[in-house]
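Here is how the chains run, residue by residue.
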Amino acid sequence: MRQWIGSWPVVRQVTGPDRTARGDAARSPRSDALHPRLADADRVVQSICPYCAVGCGQRVFVKDEQVTQIEGDPDSPISLGKLCPKGAASKQLVTRPDRLTKVRYRRPGGTEWEDLDLDTAMQMIADRVLDTRRRTWQDTDEDGQPLRRTMGIAHLGGATLDNEENYLIKKLYTALGAIQVENQARL
Ligand code: SF4
């Protein structure tokens, strides 16, 4: 009994040298058997948090081609290894079982969402862009001055679009005649 009580962490803390219980007093066979899950990773991929315009650096730990953990990247000059709670939980964005993996569509007047395959959804978007452009095209103003634009289409970019993506988006929308092209990132 005396030996059993002596194994309690709190007893070891108050009777031994580890008075703050941050070392040997807190150890047990169970804690000795634990090891960081990051140690099992096959590889570590550098990435950027997808949630907001700060663009914090992330390290994505992969085992058997599955994401096992996402941590802050100390090499990032933006975030120096830190993530906010949202970024720290971003593993769920990849692994959460109830995340949406299909295009969801609710028809005009519909009350239920339905799945669409990606090709169908892309074709529907293309059809609507072309139709809207055709219907809202302004070739000239009332004085006959050239406009060559549509005010029926606008684009709002997300925070983590990179320079190259934004370049291509601007090219596409300018080619369509859309002049309302904006981006959420305002840093
Ligand atoms: S970790 Fe937080 S602050 Fe950093 S990019 Fe992600 S959401 Fe933004």
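Preceding this paragraph is the structure being described.
What you see is a predicted model; the values in this text were computed from it and never measured. (Residues numbered from 1 in each chain as written. Predicted model: local features only at pLDDT ≥ 70, side-chain atom pairs only at ≥ 80, totals over all residues. Heavy atoms only, no water.)

Draft legend 1. Representation of the pattern of salt bridges in the model. Counting across every chain of the model gives 8 salt bridges. Of the charged contacts, one joins Arg-59 and Asp-75 as a salt bridge, the two residues approaching to 3.1 Å between their closest N and O atoms. With Arg-59 in strand β2 (residues 57–63) and Asp-75 in the loop between β3 (66–72) and α4 (85–88), this residue pair connects regions lying 16 residues apart in the sequence. Arg-59 gets classed as partly exposed once you look at its relative accessible area, which sits at 26%. Under the relative-accessibility criterion, Asp-75 is labelled exposed at 56%. Between Asp-131 and Arg-135 there is a salt bridge, and its shortest N-O distance comes to 3.1 Å. Pair noted here: Asp-131 and Arg-135 are both in helix α6 (residues 118–136), with a separation of 4 residues, about one helical turn. You can call Arg-135 exposed: its relative accessible area is 58%. One network of salt bridges, in which partners are shared, links Arg-59, Asp-73 and Asp-75. (Salt bridge = Lys/Arg side-chain N within 4 Å of Asp/Glu carboxyl O. Helix = DSSP H or I, 4+ residues; strand = E, 2+ residues; numbered from the N terminus. Buried < 20%, exposed > 50% of the residue type's maximum accessible area, 1.4 Å probe, protein only.)

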